[in-house]
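Chain residues, written in single-letter form:
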Amino acid sequence: MTSGNIKDKLRLFGKAVRLVWNSSPYWTSANILISVLRSIFPLGIIWLLKMVIDVITKMTVSPNAVPDRTLLLTSIALVIVWFLDEASADLSNFIRKNQANRLEDYMYSLLHERSVSLDLINFERPDYFDRLSRAIREAPWRPNNILNNLVSVFRGLFSLLLMTGLILTLHWTLAVLLLVANIPGIWLRLHYAGLLYNFQKKQTPEARKAAYFSWLLTGDRPSRELRLFNLGEYFSDLFRKSYSKQKQEEISILRRRTLIEFISNAFKASVFLVSLLFIIRQTITGRLSLGQLAMFLVAFRQGMMYTKDLFSSLAGLYEDGLFIGDTFEFLELKEKVTAIEPVKKTGELENKIIVKDLSFRYPGNSTTTISNVSFELKKGEIIALVGSNGAGKSTLVRLLSRLYDPDSGKIMYDGDDIRHMDPKEYRKQFSVVFQDFMLYNLSAAENIRMGNIDEESSSGKIVESAKTAGVHDLINELPGRYETPIGNLFDDSRELSWGEWQKFALARAIFRDSSVLILDEPSSALDAVSEYEIFSRFREIVRGRTCILISHRFTNVNLADRIIVLDKGTIAEEGTHEELMKSGGLYAKMYSMQSSRFQQ
């Protein structure tokens, strides 16, 4: 290990220990204190055991040589120290459990905070999911493991020094043997820690694949197709292959390690045998009493355990140093969608949004999804985005709401480049019904309130939004009305149809008082009656807000003031419904194809 690697490990250890301390200073202090106390009690037990045996030996040789009270008091002292040692072990478990719970909660909060704040574009990168998977696997417990290993190192070193000092009073070679006995074991742990880390890091994509196949077999969303198409056995087979692929190599590594561990333990047993024969000979020749025999045997055995614990903790720290880097690698990821200086304030749209020469390509793609797109969106205007699947409509929405930043070009909001605006403040001016909208397994009221959780005294506004979206009557029929949980994950909840869920998504978007309302296929799951009700009073729903409507149903988009036709990421044509029909371009062709089905 190079000096640079050592410095990196020490830096990571320091950061991990700070995380543990920040999660719970009280329980961390208690853990350290109880660990120090537990290193002292075993030495007291060994010493008192030696005294009890020596007293018994003297009383056996000469009954009146030692008062009975001495044996009683020594025995009581031995039992008290033994009780304190046992009690401290139980107390230590209690303290560590509390500390671990606090740390787990703290680490999850850090992971969730980082995941929520990172740019949406990360979810288009497989390597991001690998990092997230490794961080989630290690973060809840690895920092605490580092602290416990550090505490164990100091505790083991302190206890070992006490035992070694005791054994040195017998012979220095026994102290050397005590230290040498565990050298093969520490080499083994260090060697295979690196192997296992590299293996697990390499297997992260395969582990995610196995988790995906497991979700397909157990999740709610795939459950219907799984049964209809009889896919259970097929995905079970894919899961077993993926899972076995991970485990076979790991078992091979562990098999080799187990064999070397057997040899290492045989070496330690040989060292203990040599020490045992030496102590027995010293006792037979009269140089040691029976009490000293018991004391040195137990001390040597305890010393071997402390040496093993010390080296194991050091090896554990090396292993922790390998794995904890994955957690900090994720926690230290930086957002790129940020406000560039000078930062401009964001308020309600007063004039217009200008999109100029916008281009964007997804990570890993060789072609652009949006290419040199330019248009204007005036305050209060309703425009429709139409085009075939993959034309770039939904991507353009994400760029407008600054969930992505473009590769080139810019978006001006009331004359200011949106890259100079705080993304969170800017996004408050947008309300979006995404094509893949969320289903929140919460109450009906909470599902609507998710559109603006900062809204206070919102019950009246929630009802108003539900009425506008056409979902109020449905909610009133629920057992608990607006307090009824919807979804199927929890007890006393009510599942909805996909169209009903879409009405909740629309109500959520309406609830948010934003300057711009974006509706991406807002009626894709609605029945004909519901769709008619919504679009027949579309301008009432929009309430004068600037609106972007994305739809493949051309009978709806002719409500727009202006229609923008996208084709392969570029604007093919732009105008009103009448203008586009008159020009006979792509829009007129798609409209005629769709409407012809209703004229037959």
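Throughout, residues of each chain are indexed from 1 in the direction in which the sequence is written. Reporting in this predicted model follows two pLDDT cut-offs: at least 70 for local features of residues, and 80 or more for side-chain atom pairs to be given and counted; totals over whole chains, interfaces and linings ignore these cut-offs and use all residues. To get the side-chain values, take all heavy atoms of the structure and skip hydrogens and water.

A. Region of interest: the overall build of the protein chain. Within the protein chain, the secondary structure is distributed over 22 helices and 10 strands. We compute the radius of gyration over the C-alpha atoms and compare it with the globule rule, which gives 2.2 Å times the number of residues raised to the power 0.38. Here the C-alpha radius of gyration of the protein chain, 35 Å, is well above what a compact globule of 600 residues would show, namely 25 Å. Its C-alpha atoms give the protein chain principal-axis dimensions of roughly 120 × 60 × 50 Å. For the protein chain, with 600 residues in total, the buried portion stands at 45%. In this analysis, two residues are considered to be in contact whenever any of their non-hydrogen atoms come within 4.5 Å of each other. Sequence-distant contacts, at least 24 apart, represent 75% of the contacts inside the protein chain between residues at least 6 apart. Surface exposure of the protein chain reaches about 31600 Å², of which carbon and sulfur atoms provide 57%. Positive and negative charge centroids in the protein chain, built from 74 and 68 side chains respectively, lie 8 Å apart. Strands are runs of DSSP state E lasting at least 2 residues, helices are runs of H or I lasting at least 4, and numbering of each runs from the N terminus. Relative accessibility thresholds used throughout: buried, under 20% of the residue-type maximum; exposed, over 50%; partly exposed, between the two (1.4 Å probe, protein chains only). We get accessible surface area from the Shrake-Rupley algorithm with a probe of 1.4 Å; when it comes to residues, only the shown protein chains can shield them. Within this scheme the basic residues Lys and Arg register as positive and the acidic residues Asp and Glu register as negative, but His and the chain ends are omitted. Each charge is placed at NZ for Lys, CZ for Arg, CG for Asp and CD for Glu.

B. Highlighting the environment of isoleucine 382. Considering the arrangement of structural elements, one finds isoleucine 382 in strand E3 (residues 382-386). Isoleucine 382 gets classed as buried once you look at its relative accessible area, which sits at 2%. Each C-alpha atom of the pair isoleucine 382 and serine 35 lies 68 Å from the other, and the pair is 347 residues apart in sequence. Ignoring anything within four residues of it in the chain, the contact list for isoleucine 382 reads Phe538, Arg539, Val542, Cys547, Ala560, Asp561 and Arg562.

C. Focus on the packing of aromatic side chains. Aromatic rings from Phe, Tyr and Trp, with only the six-membered ring used for Trp, were paired whenever their centres fell within 6.5 Å, and each pair was classed as stacked if the ring planes differed by under 30 degrees, edge-to-face if by over 60, and tilted otherwise. Applying the stated criterion across every chain yields a total of 20 aromatic pairs. Between phenylalanine 535 and phenylalanine 538, the aromatic rings sit 5.4 Å apart at their centres with planes inclined by 10°, giving stacked as the arrangement. Both residues of the pair, phenylalanine 535 and phenylalanine 538, count as buried. Taken together, the ring pairs in this structure connect Tyr212, Phe213, Trp215, Tyr234 and Phe235 into an aromatic cluster. Lysine 461 extends its terminal NZ or CZ atom over the ring of phenylalanine 511, reaching a point 5.1 Å from the ring centre. Charge over a ring is defined by NZ of Lys or CZ of Arg lying within 6 Å of the ring centre and within 35 degrees of the ring normal.

D. Highlighting unusual backbone geometry. Residues glutamate 341 and proline 342 are joined by a peptide bond in cis, for which omega reads -5°. Positionally, proline 342 belongs in the loop between helix H11 (290-331) and strand E1 (352-360). Positioned with a positive phi, asparagine 372 is a non-glycine residue whose angle comes to about 50°. Locating asparagine 372 in the fold gives a position in strand E2 (residues 370-378).

E. Representation of the nonpolar core in the model. The biggest cluster of nonpolar side chains holds 45 residues, and the ones touching the most others in it are Ile448, Ile475, Phe504, Leu519, Phe538, Ile563 and Tyr587. Ranked by the residues each element gives to this core, the list is headed by helix H17 (residues 498-511), at 8 residues. Non-local contacts of leucine 519, meaning those with residues more than four positions away in its chain, are made with Val433, Leu506, Phe538, Cys547, Ile548, Leu549 and Ile550. For the purposes of this section, nonpolar cores are sets of buried Ala, Val, Leu, Ile, Met, Phe, Trp, Tyr and Cys residues that join through side-chain atoms within 4.5 Å.

F. Summary view of the pattern of salt bridges. The salt bridge definition used is simple: a Lys or Arg side-chain nitrogen within 4 Å of an Asp or Glu carboxyl oxygen. Counted by the stated rule, this structure contains 18 salt bridges. Ionic pairing is found between aspartate 237 and lysine 241, a salt bridge with its closest N-O pair at 3.3 Å. On the criterion of helical spacing, the pair formed by aspartate 237 and lysine 241 is a turn pair, its members being 4 residues apart in helix H10 (residues 232-284). When salt bridges that share partners are traced, they join Arg131, Arg134, Asp326 and Glu329 into one network.

G. View of the sheet that holds E1. The antiparallel open sheet is built from 4 strands, whose spatial order is E2-E1-E4-E5. Where the open sheet ends on each side, the last strands, each with one partner, are E2 and strand E5 (416-417). In this description, strands pair whenever DSSP reports at least two bridges between them. Of the strand pairs in this sheet, E1 and E2 are connected by 6 bridges, and their pairing is antiparallel. The residue bridging valine 355 from the neighbouring strand is phenylalanine 375, located in E2. Taken strand by strand, helix H12 (residues 393-400) contacts E1, E2 and strand E4 (408-413), and its axis lies near 120° from that of E1. Think of each axis as a best-fit line through the C-alpha atoms, taken over the contacting stretch in the case of a helix, with angles from 0 to 180 degrees between the N-to-C directions.

H. Here's a closer look at the sheet that holds strand E6 (residues 430-433). A sheet is described by the order of its strands in space; here 6 strands give the open sequence E6-E7-E8-E3-E9-E10, paired in mixed fashion. Strands at the two margins of the open sheet, each flanked by one partner only, are E6 and strand E10 (570-575). Neighbour-to-neighbour, the strand axes of the sheet open up by a mean angle of 15°, direction not taken into account. In the sheet, E6 pairs with strand E7 (residues 516-520) via 4 bridges, with the strands oriented parallel. What sits directly across from valine 433, in E7, is leucine 519. In this fold H17 packs onto E6 and E7, with an angle of close to 175° to the strand it touches most, E6.

I. Region of the structure containing the side chain of serine 242. Relative to the assigned elements, serine 242 resides in helix H10. There is a polar contact of 3.5 Å between the side chain of serine 242 and the backbone nitrogen of alanine 210. Contacts described as polar in this section are N or O atom pairs within 3.5 Å, which, within protein, must combine one atom able to donate a hydrogen with one able to accept it, while residues neighboring in sequence count only if both atoms come from side chains.

J. Highlighting a nonpolar patch on the surface. A cluster of nonpolar side chains, Leu72, Leu73, Ile76, Val79, Ile80, Trp82, Phe83 and Leu84, forms an exposed patch at the surface whose accessible area comes to about 780 Å². Mapped onto the elements of the fold, isoleucine 76 is located in helix H3 (residues 68-117). Residue classification places isoleucine 76 among the partly exposed positions, given a relative accessible area of 40%. Like charges are joined within 9 Å and nonpolar side chains (Val, Leu, Ile, Met, Phe, Trp, Tyr) within 5 Å, but only among residues with over 30% relative accessible area and no salt bridge; these make up the patches.

K. Spatial organisation of helix H8 (residues 204-218). Between its first and last C-alpha, H8 extends 21 Å over 15 residues, near the 21 Å set by a 1.5 Å rise per residue. Those residues of H8 lying buried are Thr204, Glu206, Ala210, Phe213 and Leu216. A helix is expected to span 1.5 Å multiplied by its residue count minus one.

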